[in-house]
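An overview of the molecular structure
Single-letter residue listing:
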Amino acid sequence: MYLRKRGAFCTLFLLKIKEASLMTPIKTPFGGTLEFYPLPDTSGKGTVLICPGGGYSFLAEREGRPIADAFNQNGYSAAILNYCLDRDVHGTNPVKELAWAVRYLRTASEWNGLVHKLWVSGFSAGGHLAASLGTLWNEDSLFTEEEQALNKPDGLILGYPVISMGAYGHERSRKRLTGDAPELLALFSLEKRDLSQVPPVFLWNTLEDEKVPAMNSLLFAQKLTLDGASCEYHLFHKGRHGMSLATPEVTSEEENLHPDVHIAHWMELCLEWMQEI
């Protein structure tokens, strides 16, 4: 069972996994941490950088290490960004921290050869964070030209993401991220942004999601299509919020989350999509 991690994540740690090489510990300049799960040979597949969800209030373990393990098992190196959550209102700090992590993985000698492609994956609020970078990677008010040159992921993998700051949004995510400041609401209402420069997107959610309405993903997929961006979208007819891999490894009796062989197909579909991008 994977439980929630609550509170801020501002303590540095590094985990070593089977077949992974031990690397120098890294703490982000924003106070969060990176966990590293490199494979010795990714055969050109690349790396998936993972952002767990948690309403910008905590980080859900079920959306971190299990996801990294699944991508490892399919030949991808992985990293997990435990973005710092020590503020009442986070503002632009999370997206800047994620952009820093992307640039680090692309330039650090320790990660050399593991980022033939760099995918950013996120779930729930972590999906909003991943989608925010995919949307705002070239935003002049946030990043320098030098940073923009390295910010853009090669693809986005989004599971039941928060997208909207409006009527269909997730209240806790909205308040923790924006404090309802008008300029931040406008910045992070992703379904209203120009999405023409967003990298290819793999997107999935469930119609029964009781916390983040399916309209978040539907609106995002619609706007991606209208703006000419590449998107593969899967809407499963059943399933609660927070399904993660939907496998026995991420079962949570407390949250009434149980394996679902149909929803679990999302990973297989995603891997096929990644081979085509």
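Residues numbered from 1 in each chain as written. Predicted model: local features only at pLDDT ≥ 70, side-chain atom pairs only at ≥ 80, totals over all residues. Heavy atoms only, no water.

Bringing the overall build of the protein into the picture now. Regarding its fold elements, the protein presents eight helices and nine strands. A buried classification covers 57% of the 277 residues belonging to the protein. When contacts within the protein are restricted to residue pairs at least 6 apart in sequence, long-range pairs at least 24 apart make up 76% of them. (Helix = DSSP H or I, 4+ residues; strand = E, 2+ residues; numbered from the N terminus. Buried < 20%, exposed > 50% of the residue type's maximum accessible area, 1.4 Å probe, protein only. Contact = heavy atoms within 4.5 Å.)

Right, let's talk about the packing of helix α1 (residues 65–73) against helix α8 (residues 265–276) for a bit. Two elements in contact, α1 and α8, have axes separated by 12 Å at closest approach and are oriented at 50°. Here α8 runs oblique to α1, going by the angle between their axes. α8 is crossed by α1, and the crossing has right-handed handedness. Note on element contacts: α8 touches α1 through W266, M267, C270, L271 and M274, opposite I67, A70 and F71. Split into classes, the residues belonging to the contact of α1 with α8 amount to eight nonpolar, no polar and no charged. (Axes fitted to C-alpha atoms, helices over the stretch in contact; angles between N-to-C directions. Parallel < 35°, antiparallel > 145°, perpendicular 65-115°, else oblique. Left-handed = near helix turned anticlockwise from the far one by under 90°. Nonpolar A, V, L, I, M, F, W, Y, C, P; charged D, E, K, R; others polar.)

This part is about the pairing of strand β6 (residues 118–123). Counting buried positions along β6 gives six out of six residues, so the element sits mostly inside the fold. What you see with β6 is no split at all: L118, V120 and G122 on one side and W119, S121 and F123 on the other are buried throughout. With five bridges joining them, strand β3 (residues 47–51) and β6 adopt parallel strand pairing. Among the inter-strand pairings, V48 is bridged to a residue of β6, identified as W119. Of the strand pairs in this sheet, β6 and strand β7 (residues 155–159) are connected by five bridges, and their pairing is parallel. (Pairing = 2+ DSSP bridges.)

Turning to the side chain of N205, a few remarks are in order. Counting through the fold element by element, N205 comes out in strand β8 (residues 201–206). Separated by 3.4 Å, the side chain of N205 and the backbone oxygen of A214 make a polar contact. One polar contact links N205 to S217, side chain to side chain, over a distance of 3.4 Å. (Polar contact = N/O pair within 3.5 Å; in protein donor to acceptor, adjacent residues only side chain to side chain.)

Of the residues in the protein, 90% reach a pLDDT of 70 or more, and the chain-wide mean stands at 90. Predicted confidence is poor over residues 1–18, with pLDDT under 50, and the contacts of this stretch with residues over four places away or in other chains come to 62 contacts. (pLDDT = per-residue confidence, 0-100.)

On to the side chain of N151. Looking at the secondary structure, you find N151 in helix α4 (residues 145–151). Of the residues examined, N151 reaches a relative accessible area of 0% and is grouped as buried. Separated by 3.1 Å, the side chain of N151 and the backbone oxygen of W137 make a polar contact. Setting aside residues up to four positions removed in sequence, N151 forms contacts with A99, V102, R103, R106, L133, W137 and F143.

What follows concerns the pattern of salt bridges. On inspection of all chains with the given rule, the structure shows nine salt bridges. With a shortest N-O distance of 3.2 Å, E139 and R193 are connected by a salt bridge. Residue E139 is located in the loop between α3 (125–136) and α4, and its partner R193 is located in the loop between α6 (182–188) and β8; the two are separated by 54 residues in the primary sequence. Between R174 and D180 there is a salt bridge, and its shortest N-O distance comes to 2.7 Å. Residue classification places D180 among the partly exposed positions, given a relative accessible area of 35%. (Salt bridge = Lys/Arg side-chain N within 4 Å of Asp/Glu carboxyl O.)

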